[in-house]
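Understanding the architecture of this molecule
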Amino acid sequence: MQMLIGGKHVDAKSKRTFDNVNPFNGEIVCTVPSGNSEDFEEAARIAKAAQPVWAGTPFYKRADIIRRFIGLVRENLEKIAKVVTAEGGKTITDARGELECLCMVFESFIEAARHLYGNTVPLNAEARTEGDIIFTVREPIGVFAAITPFNFPIELYAHKVAPVLITGNAVIIKPASDTPCAALMLTELLLEAGVPGGIAQVITGSGREVGAWLAETNNVDGVSFTGSTKVGIELMRGGAHNLQHVFLELGGNDPHVFFEDCDMDLAVAEAIGGRCYNAGQTCCANKRFIVQNSIKKEFIERLIEAAKNYKIGDPSDPETAMGCLVSVKAAEAVMDEIQSVIDQGGKLLYGGKRNGAFVDPTIIEVTKENDVAKDLEIFGPVFPIIGFDTFEEAVEIANQTSYGLASAVMTNDINKAMKFATAVQAGTCVINGSGNYRSVHQPFGGYKHSGIGREGTSHTLYEVTQEKTIAIRNSLK
Ligand code: NAP
(Lines give C-alpha, C1' and ligand atoms only; values in the text may rest on other atoms or scores of the structure.)
Protein backbone atom coordinates (compact mmCIF):
# COMPACT_ATOMS: atom_id res chain seq x y z
CA MET A 1 0.00 0.00 0.00
CA GLN A 2 1.07 3.62 -0.45
CA MET A 3 0.60 6.84 1.47
CA LEU A 4 -2.24 9.16 0.43
CA ILE A 5 -0.86 12.63 -0.15
CA GLY A 6 -2.72 15.29 -2.15
CA GLY A 7 -5.20 12.67 -3.36
CA LYS A 8 -2.45 10.49 -4.86
CA HIS A 9 -1.02 7.14 -3.81
CA VAL A 10 2.66 7.82 -3.18
CA ASP A 11 5.78 6.04 -1.93
CA ALA A 12 8.14 7.63 0.55
CA LYS A 13 10.65 9.91 -1.20
CA SER A 14 13.38 7.78 0.36
CA LYS A 15 11.69 4.64 -1.13
CA ARG A 16 12.01 2.99 2.29
CA THR A 17 9.19 0.61 3.33
CA PHE A 18 8.23 -1.65 6.22
CA ASP A 19 6.12 -4.80 6.45
CA ASN A 20 2.99 -5.27 8.43
CA VAL A 21 2.82 -8.82 9.80
CA ASN A 22 -0.25 -10.81 10.83
CA PRO A 23 0.44 -11.66 14.50
CA PHE A 24 -1.64 -14.86 14.32
CA ASN A 25 0.14 -16.59 11.44
CA GLY A 26 3.23 -14.49 10.70
CA GLU A 27 2.16 -13.73 7.10
CA ILE A 28 2.86 -10.29 5.61
CA VAL A 29 -0.43 -8.39 5.37
CA CYS A 30 0.94 -5.37 3.50
CA THR A 31 4.08 -3.35 2.89
CA VAL A 32 3.80 0.40 3.46
CA PRO A 33 6.08 3.39 2.91
CA SER A 34 8.30 4.53 5.72
CA GLY A 35 7.79 8.28 5.30
CA ASN A 36 10.02 10.98 6.74
CA SER A 37 9.75 14.70 7.42
CA GLU A 38 10.03 15.58 3.71
CA ASP A 39 6.92 13.53 2.93
CA PHE A 40 5.07 14.79 6.00
CA GLU A 41 5.84 18.43 5.24
CA GLU A 42 4.59 18.05 1.69
CA ALA A 43 1.27 16.71 3.02
CA ALA A 44 1.03 19.60 5.48
CA ARG A 45 1.72 22.23 2.79
CA ILE A 46 -0.98 20.71 0.58
CA ALA A 47 -3.41 20.63 3.51
CA LYS A 48 -2.68 24.25 4.40
CA ALA A 49 -3.51 25.36 0.86
CA ALA A 50 -6.64 23.19 0.55
CA GLN A 51 -8.25 23.80 3.95
CA PRO A 52 -9.80 27.27 3.35
CA VAL A 53 -11.71 25.94 0.33
CA TRP A 54 -13.11 23.04 2.40
CA ALA A 55 -13.99 25.43 5.23
CA GLY A 56 -15.85 27.56 2.67
CA THR A 57 -17.83 24.56 1.38
CA PRO A 58 -21.34 24.84 2.87
CA PHE A 59 -21.95 22.61 5.86
CA TYR A 60 -24.75 20.66 4.16
CA LYS A 61 -22.44 19.77 1.26
CA ARG A 62 -19.71 18.56 3.62
CA ALA A 63 -22.38 16.53 5.42
CA ASP A 64 -23.57 14.98 2.13
CA ILE A 65 -20.02 13.89 1.29
CA ILE A 66 -19.51 12.33 4.70
CA ARG A 67 -22.83 10.56 4.50
CA ARG A 68 -21.70 9.09 1.17
CA PHE A 69 -18.53 7.89 2.93
CA ILE A 70 -20.63 6.11 5.58
CA GLY A 71 -22.48 4.31 2.78
CA LEU A 72 -19.19 3.23 1.19
CA VAL A 73 -17.92 1.90 4.53
CA ARG A 74 -21.08 -0.20 4.90
CA GLU A 75 -20.56 -1.59 1.36
CA ASN A 76 -16.93 -2.49 2.17
CA LEU A 77 -17.41 -3.46 5.80
CA GLU A 78 -16.52 -7.13 5.47
CA LYS A 79 -13.41 -6.43 3.39
CA ILE A 80 -12.07 -3.86 5.88
CA ALA A 81 -12.99 -6.01 8.91
CA LYS A 82 -10.90 -8.89 7.53
CA VAL A 83 -7.90 -6.59 7.12
CA VAL A 84 -8.31 -5.24 10.67
CA THR A 85 -8.28 -8.82 11.97
CA ALA A 86 -5.27 -9.78 9.87
CA GLU A 87 -3.14 -6.75 10.72
CA GLY A 88 -3.88 -6.50 14.45
CA GLY A 89 -5.14 -9.86 15.74
CA LYS A 90 -8.50 -8.36 16.72
CA THR A 91 -11.36 -10.85 16.57
CA ILE A 92 -13.50 -10.60 13.45
CA THR A 93 -16.57 -9.98 15.61
CA ASP A 94 -14.91 -7.00 17.28
CA ALA A 95 -13.55 -5.70 13.95
CA ARG A 96 -17.07 -5.70 12.50
CA GLY A 97 -18.35 -4.03 15.67
CA GLU A 98 -15.71 -1.32 15.38
CA LEU A 99 -16.74 -0.55 11.81
CA GLU A 100 -20.41 -0.30 12.84
CA CYS A 101 -19.24 2.01 15.59
CA LEU A 102 -17.33 4.15 13.05
CA CYS A 103 -20.53 4.62 11.03
CA MET A 104 -22.40 5.70 14.17
CA VAL A 105 -19.61 8.11 15.18
CA PHE A 106 -19.59 9.80 11.76
CA GLU A 107 -23.41 10.01 11.70
CA SER A 108 -23.48 11.42 15.23
CA PHE A 109 -20.88 14.09 14.46
CA ILE A 110 -22.85 15.25 11.41
CA GLU A 111 -25.91 15.70 13.62
CA ALA A 112 -24.02 17.33 16.48
CA ALA A 113 -22.22 19.75 14.14
CA ARG A 114 -25.55 20.81 12.66
CA HIS A 115 -26.27 22.24 16.11
CA LEU A 116 -22.88 23.79 16.79
CA TYR A 117 -24.38 27.14 17.60
CA GLY A 118 -22.60 30.32 18.57
CA ASN A 119 -23.73 32.58 21.42
CA THR A 120 -25.34 35.97 21.70
CA VAL A 121 -24.12 38.26 24.46
CA PRO A 122 -27.07 39.85 26.35
CA LEU A 123 -28.00 43.16 24.74
CA ASN A 124 -26.99 46.37 26.50
CA ALA A 125 -25.18 44.51 29.26
CA GLU A 126 -22.70 47.36 29.83
CA ALA A 127 -22.75 51.09 29.18
CA ARG A 128 -19.84 50.91 26.73
CA THR A 129 -21.59 48.30 24.51
CA GLU A 130 -25.06 49.89 24.55
CA GLY A 131 -26.74 49.55 21.16
CA ASP A 132 -24.25 46.92 19.96
CA ILE A 133 -25.10 43.36 18.91
CA ILE A 134 -22.38 40.94 20.01
CA PHE A 135 -22.50 37.31 18.92
CA THR A 136 -20.14 34.43 18.18
CA VAL A 137 -19.56 31.88 15.44
CA ARG A 138 -17.39 28.75 15.53
CA GLU A 139 -14.71 28.32 12.87
CA PRO A 140 -12.23 25.53 12.09
CA ILE A 141 -8.71 25.67 13.50
CA GLY A 142 -6.91 24.64 10.28
CA VAL A 143 -4.74 21.57 9.72
CA PHE A 144 -4.89 18.71 12.22
CA ALA A 145 -2.53 15.78 12.63
CA ALA A 146 -4.48 12.77 13.95
CA ILE A 147 -2.24 10.12 15.50
CA THR A 148 -3.88 6.82 16.43
CA PRO A 149 -2.69 3.75 18.36
CA PHE A 150 -2.91 0.14 17.16
CA ASN A 151 -5.64 -1.07 19.49
CA PHE A 152 -8.70 0.65 17.97
CA PRO A 153 -7.60 1.57 14.44
CA ILE A 154 -11.20 2.17 13.29
CA GLU A 155 -13.06 3.63 16.26
CA LEU A 156 -10.32 6.12 17.12
CA TYR A 157 -9.94 7.09 13.44
CA ALA A 158 -13.64 7.95 13.59
CA HIS A 159 -13.42 9.95 16.82
CA LYS A 160 -10.66 12.10 15.32
CA VAL A 161 -11.45 12.37 11.62
CA ALA A 162 -15.24 12.87 11.82
CA PRO A 163 -15.29 16.03 14.00
CA VAL A 164 -12.25 17.52 12.27
CA LEU A 165 -13.69 17.12 8.76
CA ILE A 166 -17.30 18.07 9.44
CA THR A 167 -16.21 21.40 10.93
CA GLY A 168 -14.06 22.34 7.90
CA ASN A 169 -10.57 21.41 9.08
CA ALA A 170 -8.05 19.35 7.08
CA VAL A 171 -6.60 16.17 8.56
CA ILE A 172 -3.35 14.26 8.16
CA ILE A 173 -3.75 10.80 9.63
CA LYS A 174 -0.80 8.89 11.06
CA PRO A 175 -1.87 5.34 11.96
CA ALA A 176 0.15 3.08 14.25
CA SER A 177 2.87 1.17 12.39
CA ASP A 178 1.39 -2.13 13.62
CA THR A 179 -1.99 -1.37 11.99
CA PRO A 180 -1.58 1.00 9.02
CA CYS A 181 -3.88 -0.68 6.45
CA ALA A 182 -7.32 0.15 7.85
CA ALA A 183 -6.65 3.91 7.91
CA LEU A 184 -5.46 3.79 4.30
CA MET A 185 -8.57 1.88 3.20
CA LEU A 186 -10.91 4.23 5.06
CA THR A 187 -9.25 7.34 3.69
CA GLU A 188 -9.50 5.98 0.14
CA LEU A 189 -13.26 5.78 0.76
CA LEU A 190 -13.33 9.37 2.05
CA LEU A 191 -11.72 10.50 -1.21
CA GLU A 192 -14.10 8.35 -3.25
CA ALA A 193 -17.00 9.99 -1.42
CA GLY A 194 -15.78 13.43 -2.49
CA VAL A 195 -13.47 14.70 0.27
CA PRO A 196 -10.73 16.67 -1.56
CA GLY A 197 -7.29 15.06 -1.72
CA GLY A 198 -5.66 17.81 0.32
CA ILE A 199 -8.24 17.53 3.11
CA ALA A 200 -7.82 13.88 4.14
CA GLN A 201 -4.31 12.44 3.80
CA VAL A 202 -2.49 9.48 5.35
CA ILE A 203 1.19 9.36 6.17
CA THR A 204 2.92 6.18 7.34
CA GLY A 205 6.24 5.73 9.07
CA SER A 206 7.82 5.77 12.45
CA GLY A 207 5.95 7.67 15.14
CA ARG A 208 9.25 9.02 16.45
CA GLU A 209 9.93 10.71 13.09
CA VAL A 210 6.42 12.14 12.99
CA GLY A 211 6.89 13.55 16.49
CA ALA A 212 10.22 15.16 15.55
CA TRP A 213 8.64 16.71 12.44
CA LEU A 214 5.62 18.03 14.40
CA ALA A 215 8.03 19.80 16.74
CA GLU A 216 9.42 21.74 13.74
CA THR A 217 6.62 22.33 11.25
CA ASN A 218 4.59 25.54 11.08
CA ASN A 219 1.96 23.97 8.84
CA VAL A 220 0.09 21.98 11.49
CA ASP A 221 -2.29 23.84 13.81
CA GLY A 222 -3.67 21.02 15.92
CA VAL A 223 -2.69 17.55 17.09
CA SER A 224 -5.21 14.98 18.20
CA PHE A 225 -3.33 12.08 19.75
CA THR A 226 -4.33 8.79 21.36
CA GLY A 227 -1.56 6.68 22.78
CA SER A 228 0.88 6.47 25.64
CA THR A 229 1.42 9.20 28.23
CA LYS A 230 5.14 9.34 27.42
CA VAL A 231 4.50 10.24 23.77
CA GLY A 232 1.65 12.60 24.73
CA ILE A 233 4.01 14.63 26.88
CA GLU A 234 6.56 14.78 24.04
CA LEU A 235 3.90 16.01 21.60
CA MET A 236 2.79 18.72 23.99
CA ARG A 237 6.37 19.87 24.41
CA GLY A 238 7.00 19.71 20.64
CA GLY A 239 3.81 21.57 19.78
CA ALA A 240 4.73 24.56 21.94
CA HIS A 241 6.88 26.17 19.21
CA ASN A 242 3.81 26.72 17.00
CA LEU A 243 1.21 26.87 19.80
CA GLN A 244 -0.45 23.78 18.36
CA HIS A 245 -3.80 22.85 19.89
CA VAL A 246 -2.76 19.53 21.42
CA PHE A 247 -5.46 17.09 22.61
CA LEU A 248 -4.35 13.97 24.38
CA GLU A 249 -6.14 10.67 25.12
CA LEU A 250 -3.54 8.68 27.06
CA GLY A 251 -2.96 5.56 29.10
CA GLY A 252 -4.74 4.25 32.16
CA ASN A 253 -4.33 1.76 34.99
CA ASP A 254 -7.96 1.70 35.86
CA PRO A 255 -9.35 0.43 39.18
CA HIS A 256 -12.26 -1.99 39.37
CA VAL A 257 -13.50 -2.17 42.95
CA PHE A 258 -15.57 -5.10 44.26
CA PHE A 259 -17.41 -4.61 47.58
CA GLU A 260 -18.62 -7.63 49.55
CA ASP A 261 -22.29 -6.85 48.82
CA CYS A 262 -21.85 -7.06 45.02
CA ASP A 263 -23.60 -9.54 42.75
CA MET A 264 -20.84 -12.14 42.35
CA ASP A 265 -22.06 -13.52 38.99
CA LEU A 266 -22.11 -10.03 37.51
CA ALA A 267 -18.79 -9.15 39.15
CA VAL A 268 -16.94 -12.09 37.58
CA ALA A 269 -18.59 -11.61 34.17
CA GLU A 270 -17.69 -7.92 34.08
CA ALA A 271 -14.17 -8.55 35.36
CA ILE A 272 -13.32 -11.07 32.66
CA GLY A 273 -15.31 -9.45 29.84
CA GLY A 274 -13.76 -6.02 30.44
CA ARG A 275 -10.20 -7.24 30.83
CA CYS A 276 -10.07 -9.83 28.03
CA TYR A 277 -11.83 -7.63 25.45
CA ASN A 278 -9.32 -6.90 22.65
CA ALA A 279 -6.86 -9.25 24.41
CA GLY A 280 -6.45 -6.76 27.24
CA GLN A 281 -5.24 -3.98 24.96
CA THR A 282 -7.77 -1.31 25.83
CA CYS A 283 -6.93 2.03 27.40
CA CYS A 284 -10.00 2.09 29.66
CA ALA A 285 -10.00 -1.61 30.55
CA ASN A 286 -10.22 -2.64 34.19
CA LYS A 287 -6.53 -3.19 35.02
CA ARG A 288 -6.45 -3.33 38.84
CA PHE A 289 -8.94 -5.60 40.66
CA ILE A 290 -9.47 -4.18 44.14
CA VAL A 291 -11.47 -6.79 46.05
CA GLN A 292 -12.83 -6.67 49.61
CA ASN A 293 -10.94 -9.29 51.61
CA SER A 294 -14.14 -11.00 52.83
CA ILE A 295 -15.01 -12.08 49.24
CA LYS A 296 -11.53 -12.30 47.77
CA LYS A 297 -11.17 -16.09 47.95
CA GLU A 298 -14.52 -16.75 46.25
CA PHE A 299 -13.89 -14.04 43.65
CA ILE A 300 -10.53 -15.55 42.71
CA GLU A 301 -11.93 -19.09 42.46
CA ARG A 302 -14.79 -17.92 40.23
CA LEU A 303 -12.45 -15.77 38.10
CA ILE A 304 -10.09 -18.71 37.50
CA GLU A 305 -13.09 -20.80 36.41
CA ALA A 306 -14.20 -18.05 34.02
CA ALA A 307 -10.67 -17.70 32.62
CA LYS A 308 -10.48 -21.47 31.96
CA ASN A 309 -13.72 -21.30 29.98
CA TYR A 310 -12.83 -18.19 27.97
CA LYS A 311 -12.64 -19.06 24.27
CA ILE A 312 -9.22 -18.07 22.97
CA GLY A 313 -8.11 -18.76 19.40
CA ASP A 314 -8.00 -17.81 15.74
CA PRO A 315 -9.12 -14.15 15.54
CA SER A 316 -10.86 -14.78 12.21
CA ASP A 317 -13.17 -17.41 13.80
CA PRO A 318 -16.49 -15.75 14.78
CA GLU A 319 -16.67 -18.07 17.83
CA THR A 320 -13.41 -16.70 19.29
CA ALA A 321 -13.85 -14.41 22.30
CA MET A 322 -10.18 -13.41 22.63
CA GLY A 323 -7.59 -13.36 19.84
CA CYS A 324 -3.88 -12.70 20.07
CA LEU A 325 -2.00 -9.52 20.93
CA VAL A 326 -0.94 -7.10 18.21
CA SER A 327 2.51 -8.72 17.81
CA VAL A 328 4.83 -11.32 19.28
CA LYS A 329 6.93 -8.42 20.57
CA ALA A 330 3.92 -7.02 22.47
CA ALA A 331 3.22 -10.46 23.97
CA GLU A 332 6.87 -10.76 25.07
CA ALA A 333 6.65 -7.33 26.72
CA VAL A 334 3.56 -8.44 28.66
CA MET A 335 5.42 -11.56 29.83
CA ASP A 336 8.32 -9.41 31.06
CA GLU A 337 5.85 -7.26 32.99
CA ILE A 338 4.17 -10.32 34.51
CA GLN A 339 7.62 -11.48 35.65
CA SER A 340 8.38 -8.09 37.21
CA VAL A 341 5.08 -8.26 39.15
CA ILE A 342 6.05 -11.73 40.42
CA ASP A 343 9.57 -10.55 41.26
CA GLN A 344 7.99 -7.92 43.49
CA GLY A 345 6.18 -10.62 45.48
CA GLY A 346 3.09 -11.20 43.28
CA LYS A 347 1.59 -14.70 43.65
CA LEU A 348 0.78 -16.26 40.26
CA LEU A 349 -2.61 -18.01 40.59
CA TYR A 350 -3.47 -18.78 36.98
CA GLY A 351 -2.02 -18.38 33.46
CA GLY A 352 1.35 -16.73 32.98
CA LYS A 353 2.01 -18.50 29.67
CA ARG A 354 2.68 -17.22 26.17
CA ASN A 355 2.31 -18.93 22.82
CA GLY A 356 3.48 -16.74 19.92
CA ALA A 357 1.40 -13.55 20.15
CA PHE A 358 -1.10 -15.17 22.56
CA VAL A 359 -0.94 -14.55 26.30
CA ASP A 360 -3.23 -16.56 28.59
CA PRO A 361 -5.50 -14.69 30.98
CA THR A 362 -3.18 -14.33 33.97
CA ILE A 363 -4.34 -13.87 37.56
CA ILE A 364 -1.83 -12.62 40.13
CA GLU A 365 -2.45 -11.71 43.76
CA VAL A 366 -0.43 -8.64 44.74
CA THR A 367 -0.12 -6.18 47.58
CA LYS A 368 -0.95 -2.53 47.16
CA GLU A 369 2.81 -1.74 47.14
CA ASN A 370 3.41 -3.63 43.85
CA ASP A 371 4.09 -1.39 40.79
CA VAL A 372 1.12 -2.95 39.02
CA ALA A 373 -1.12 -1.67 41.85
CA LYS A 374 0.03 1.85 41.01
CA ASP A 375 1.44 2.96 37.64
CA LEU A 376 2.46 -0.20 35.76
CA GLU A 377 -0.12 -0.37 32.93
CA ILE A 378 -0.03 -3.88 31.45
CA PHE A 379 -1.48 -3.99 27.92
CA GLY A 380 -2.61 -7.62 28.00
CA PRO A 381 -5.12 -9.94 29.76
CA VAL A 382 -3.59 -9.68 33.23
CA PHE A 383 -5.63 -9.51 36.46
CA PRO A 384 -3.72 -8.15 39.47
CA ILE A 385 -5.90 -8.79 42.55
CA ILE A 386 -5.42 -6.39 45.48
CA GLY A 387 -7.30 -6.95 48.74
CA PHE A 388 -8.80 -4.24 50.98
CA ASP A 389 -10.87 -4.03 54.18
CA THR A 390 -12.51 -0.60 54.38
CA PHE A 391 -14.18 1.80 51.95
CA GLU A 392 -11.45 4.36 52.63
CA GLU A 393 -8.75 1.83 51.78
CA ALA A 394 -10.48 0.96 48.48
CA VAL A 395 -10.52 4.64 47.51
CA GLU A 396 -6.91 5.08 48.57
CA ILE A 397 -5.75 2.15 46.38
CA ALA A 398 -7.94 3.26 43.47
CA ASN A 399 -6.38 6.73 43.53
CA GLN A 400 -2.74 5.74 44.17
CA THR A 401 -1.83 6.11 40.50
CA SER A 402 -0.80 8.98 38.29
CA TYR A 403 -3.40 7.83 35.74
CA GLY A 404 -7.11 8.66 35.85
CA LEU A 405 -8.89 7.42 32.74
CA ALA A 406 -11.79 5.19 33.81
CA SER A 407 -12.89 3.37 36.97
CA ALA A 408 -15.61 0.99 38.09
CA VAL A 409 -17.34 -0.15 41.26
CA MET A 410 -19.49 -3.20 41.99
CA THR A 411 -21.94 -3.03 44.92
CA ASN A 412 -25.67 -3.34 45.56
CA ASP A 413 -25.61 -0.23 47.74
CA ILE A 414 -26.22 2.79 45.51
CA ASN A 415 -25.12 5.23 48.20
CA LYS A 416 -21.78 3.46 48.53
CA ALA A 417 -21.44 3.40 44.75
CA MET A 418 -22.14 7.13 44.50
CA LYS A 419 -19.72 7.89 47.34
CA PHE A 420 -17.04 5.96 45.45
CA ALA A 421 -17.90 7.59 42.11
CA THR A 422 -17.41 11.05 43.57
CA ALA A 423 -14.20 10.11 45.43
CA VAL A 424 -12.39 8.39 42.57
CA GLN A 425 -10.02 10.49 40.45
CA ALA A 426 -10.96 9.40 36.94
CA GLY A 427 -12.72 10.71 33.86
CA THR A 428 -15.39 7.99 34.00
CA CYS A 429 -16.84 5.85 36.78
CA VAL A 430 -19.05 2.90 35.83
CA ILE A 431 -21.35 1.48 38.50
CA ASN A 432 -22.03 -2.27 38.31
CA GLY A 433 -20.10 -2.80 35.09
CA SER A 434 -16.47 -2.73 34.05
CA GLY A 435 -14.88 0.62 33.22
CA ASN A 436 -14.22 -0.71 29.73
CA TYR A 437 -17.09 1.43 28.53
CA ARG A 438 -17.49 4.22 26.01
CA SER A 439 -20.57 5.89 24.64
CA VAL A 440 -20.14 7.97 21.48
CA HIS A 441 -21.74 10.94 23.23
CA GLN A 442 -20.19 10.97 26.71
CA PRO A 443 -17.16 13.16 27.36
CA PHE A 444 -14.44 10.50 27.18
CA GLY A 445 -11.04 11.36 28.57
CA GLY A 446 -8.77 11.29 31.54
CA TYR A 447 -7.84 12.98 34.80
CA LYS A 448 -4.19 13.41 35.81
CA HIS A 449 -1.73 11.79 33.37
CA SER A 450 -4.47 10.14 31.32
CA GLY A 451 -4.93 13.11 29.07
CA ILE A 452 -6.02 16.62 28.26
CA GLY A 453 -9.38 17.30 26.63
CA ARG A 454 -12.41 15.11 26.02
CA GLU A 455 -13.67 13.19 23.00
CA GLY A 456 -17.32 12.52 22.12
CA THR A 457 -20.08 14.32 20.29
CA SER A 458 -20.72 16.47 23.36
CA HIS A 459 -17.15 17.77 23.32
CA THR A 460 -14.80 17.29 20.37
CA LEU A 461 -16.51 19.85 18.14
CA TYR A 462 -15.55 22.56 20.63
CA GLU A 463 -11.96 21.34 20.67
CA VAL A 464 -11.48 21.35 16.91
CA THR A 465 -13.06 24.75 16.36
CA GLN A 466 -12.36 28.24 17.67
CA GLU A 467 -14.92 30.84 18.67
CA LYS A 468 -14.99 34.22 16.96
CA THR A 469 -16.83 37.22 18.37
CA ILE A 470 -18.54 39.58 15.93
CA ALA A 471 -19.74 42.92 17.25
CA ILE A 472 -22.08 45.13 15.20
CA ARG A 473 -21.66 48.55 16.74
CA ASN A 474 -24.48 50.99 17.39
CA SER A 475 -27.02 49.01 15.39
CA LEU A 476 -29.74 49.38 18.06
CA LYS A 477 -29.28 53.12 18.69
P1 NAP B 1 2.27 4.83 21.52
O2 NAP B 1 3.55 4.12 21.50
O3 NAP B 1 2.19 6.14 22.20
O4 NAP B 1 1.81 4.94 19.98
C5 NAP B 1 0.61 5.54 19.59
C6 NAP B 1 0.79 6.25 18.26
O7 NAP B 1 1.76 7.27 18.42
C8 NAP B 1 1.29 5.36 17.13
O9 NAP B 1 0.74 5.81 15.92
C10 NAP B 1 2.81 5.62 17.15
O11 NAP B 1 3.44 5.38 15.92
C12 NAP B 1 2.82 7.09 17.47
N13 NAP B 1 4.07 7.55 18.08
C14 NAP B 1 5.01 6.84 18.74
N15 NAP B 1 6.01 7.64 19.17
C16 NAP B 1 5.69 8.89 18.75
C17 NAP B 1 6.32 10.15 18.88
N18 NAP B 1 7.48 10.31 19.53
N19 NAP B 1 5.71 11.23 18.34
C20 NAP B 1 4.54 11.10 17.69
N21 NAP B 1 3.89 9.93 17.53
C22 NAP B 1 4.46 8.84 18.06
O23 NAP B 1 1.11 3.97 22.19
P24 NAP B 1 0.87 2.41 22.10
O25 NAP B 1 1.74 1.78 23.09
O26 NAP B 1 0.90 1.93 20.73
O27 NAP B 1 -0.66 2.38 22.56
C28 NAP B 1 -1.03 2.02 23.81
C29 NAP B 1 -1.21 3.20 24.73
O30 NAP B 1 -2.26 4.02 24.23
C31 NAP B 1 -1.64 2.74 26.09
O32 NAP B 1 -1.01 3.49 27.09
C33 NAP B 1 -3.14 3.00 26.07
O34 NAP B 1 -3.71 3.11 27.34
C35 NAP B 1 -3.21 4.25 25.27
N36 NAP B 1 -4.55 4.45 24.70
C37 NAP B 1 -5.33 5.46 25.18
C38 NAP B 1 -6.62 5.63 24.69
C39 NAP B 1 -7.51 6.73 25.18
O40 NAP B 1 -8.52 7.00 24.53
N41 NAP B 1 -7.19 7.38 26.29
C42 NAP B 1 -7.12 4.77 23.71
C43 NAP B 1 -6.29 3.75 23.24
C44 NAP B 1 -5.00 3.60 23.74
P45 NAP B 1 4.32 4.04 15.70
O46 NAP B 1 3.34 2.93 15.75
O47 NAP B 1 4.93 4.26 14.37
O48 NAP B 1 5.33 3.99 16.81
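Residues numbered from 1 in each chain as written. Predicted model: local features only at pLDDT ≥ 70, side-chain atom pairs only at ≥ 80, totals over all residues. Heavy atoms only, no water.

So, the state of the cysteines
Taken as a whole and judged by the stated rule, the model has one disulfide. There is a disulfide in this structure between Cys30 and Cys181, and the S-S distance comes to 2.5 Å. Disulfide Cys30 to Cys181: torsion about the S-S bond roughly -80°, handedness left-handed. Taken together, the positions of Cys30 in strand β4 (residues 28-33) and Cys181 in helix α6 (residues 181-193) put the pair 151 residues apart, joining distant regions of the chain. Note on accessibility: Cys30 and Cys181 belong to one class, buried. The closest cysteine sulfur to the non-disulfide-bonded Cys284 is located on Cys283, 4.3 Å from its own sulfur. (Disulfide = S-S within 2.5 Å. Helix = DSSP H or I, 4+ residues; strand = E, 2+ residues; numbered from the N terminus. Buried < 20%, exposed > 50% of the residue type's maximum accessible area, 1.4 Å probe, protein only.)

Some details on empty space enclosed by the protein
Any space left empty among the atoms is revealed by the rolling of a water-sized probe across them. What the rule picks out here adds up to four cavities of 30 Å³ or more. Estimated volume of the largest cavity: approximately 120 Å³. Taken together, 19 residues line the largest cavity, and the ones lying closest to its centre are Gly88, Gly89, Lys90, Asn278 and Gln281. Looking at the lining of the largest cavity, the element that brings in the most residues is helix α3 (residues 77-88), giving three residues. Each residue belonging to the lining of the largest cavity can be placed in one class, and the counts come to eight nonpolar, eight polar and three charged. In this model, the second largest cavity occupies a volume close to 80 Å³. Considering the residues around the second largest cavity, the lining is formed by 15 residues, among which Ser224, Phe247, Glu455, Thr460 and Glu463 are closest to the centre. For the lining of the second largest cavity, the secondary-structure elements that each account for two or more residues are α5 (155-166), β10 (245-249) and α14 (460-463). A class-by-class count of the residues in the lining of the second largest cavity yields six nonpolar, four polar and five charged. (1 Å grid on protein atoms, 1.4 Å probe; cavity = no way out; pocket = protein on both sides within 12 Å on 5 of 7 lines; lining within 4 Å. Points joined across faces, edges and corners; volume = space filled by probe spheres on them. Nonpolar A, V, L, I, M, F, W, Y, C, P; charged D, E, K, R; others polar.)

Notes on the sheet that holds strand β11 (residues 254-258)
In spatial order, the strands read β13-β16-β17-β12-β11-β18-β19; together these seven strands make up an open sheet with mixed pairing. Only two strands of the sheet have a single neighbouring strand rather than two, namely β13 (347-350) and β19 (430-431). Direction of pairing for β11 relative to strand β18 (residues 408-410): parallel, over a ladder of three bridges. In the strand pairing of β18, Val257 is matched with Val409. In the packing of helix α12 (residues 391-399) onto the sheet, the strands contacted are β11, β12 (286-292) and β17 (382-388), and the crossing angle to β17 comes to about 145°. (Pairing = 2+ DSSP bridges. Contact = heavy atoms within 4.5 Å. Axes fitted to C-alpha atoms, helices over the stretch in contact; angles between N-to-C directions.)

A few points about the domain arrangement of the chain
On domain assignment, one finds that the chain holds domain 1 (3-250 + 450-471) and domain 2 (254-440). Between domain 1 and domain 2, the C-alpha centre-to-centre distance is 31 Å. Taking both sides of the interface into account, the surface hidden between domain 1 and domain 2 amounts to around 2,200 Å²; carbon and sulfur atoms contribute 59%. One salt bridge in this structure joins Glu455 and Arg438, with 2.8 Å as the shortest N-O distance. On the surface where domain 1 and domain 2 come into contact, there are nine residue pairs in polar contact (both at pLDDT 80 or more). (Domains from an automatic or database assignment. Buried area = accessible area lost by both parts, 1.4 Å probe. Salt bridge = Lys/Arg side-chain N within 4 Å of Asp/Glu carboxyl O. Polar contact = N/O pair within 3.5 Å; in protein donor to acceptor, adjacent residues only side chain to side chain.)

Here we look at the site of the ligand
Of all residues adjacent to the ligand, which total 31 residues, the nearest are Thr148, Ser177, Ser228, Leu250 and Glu377. Between Thr148 and the ligand, the recorded distance is 2.8 Å, taken from a backbone N or O atom to an oxygen atom. With respect to the ligand, the backbone of Leu250 contributes an N or O atom lying 2.7 Å from a nitrogen atom. When isolated, the ligand has an accessible area of 910 Å², and the protein chains bury 85% of it. Taken together, the residues of the shell around the ligand sort by class into 14 nonpolar, 12 polar and five charged. Inspection of the shell around the ligand shows a minimum of three residues originating in each of domain 1 (3-250 + 450-471) and domain 2 (254-440). (Near = heavy atom within 4 Å. Areas by Shrake-Rupley, 256 points an atom, 1.4 Å probe, with all protein chains shown as cover.)

A closer look at the packing of helix α4 (residues 92-114) against α5
Their axes nearest at 9 Å, the elements α4 and α5 cross at an angle of 20°. By the angle between their axes, α4 is roughly parallel relative to α5. Judged by the sense of rotation from one axis to the other, the crossing of α4 with α5 is right-handed. In contact with Glu98, Cys101, Leu102, Val105, Phe106, Phe109, Ile110 and Ala113 of α4, α5 contributes Glu155, Tyr157, Ala158, His159, Val161, Ala162, Pro163 and Ile166. Across the contact of α4 with α5, the residue classes tally to 13 nonpolar, one polar and two charged. (Parallel < 35°, antiparallel > 145°, perpendicular 65-115°, else oblique. Left-handed = near helix turned anticlockwise from the far one by under 90°.)

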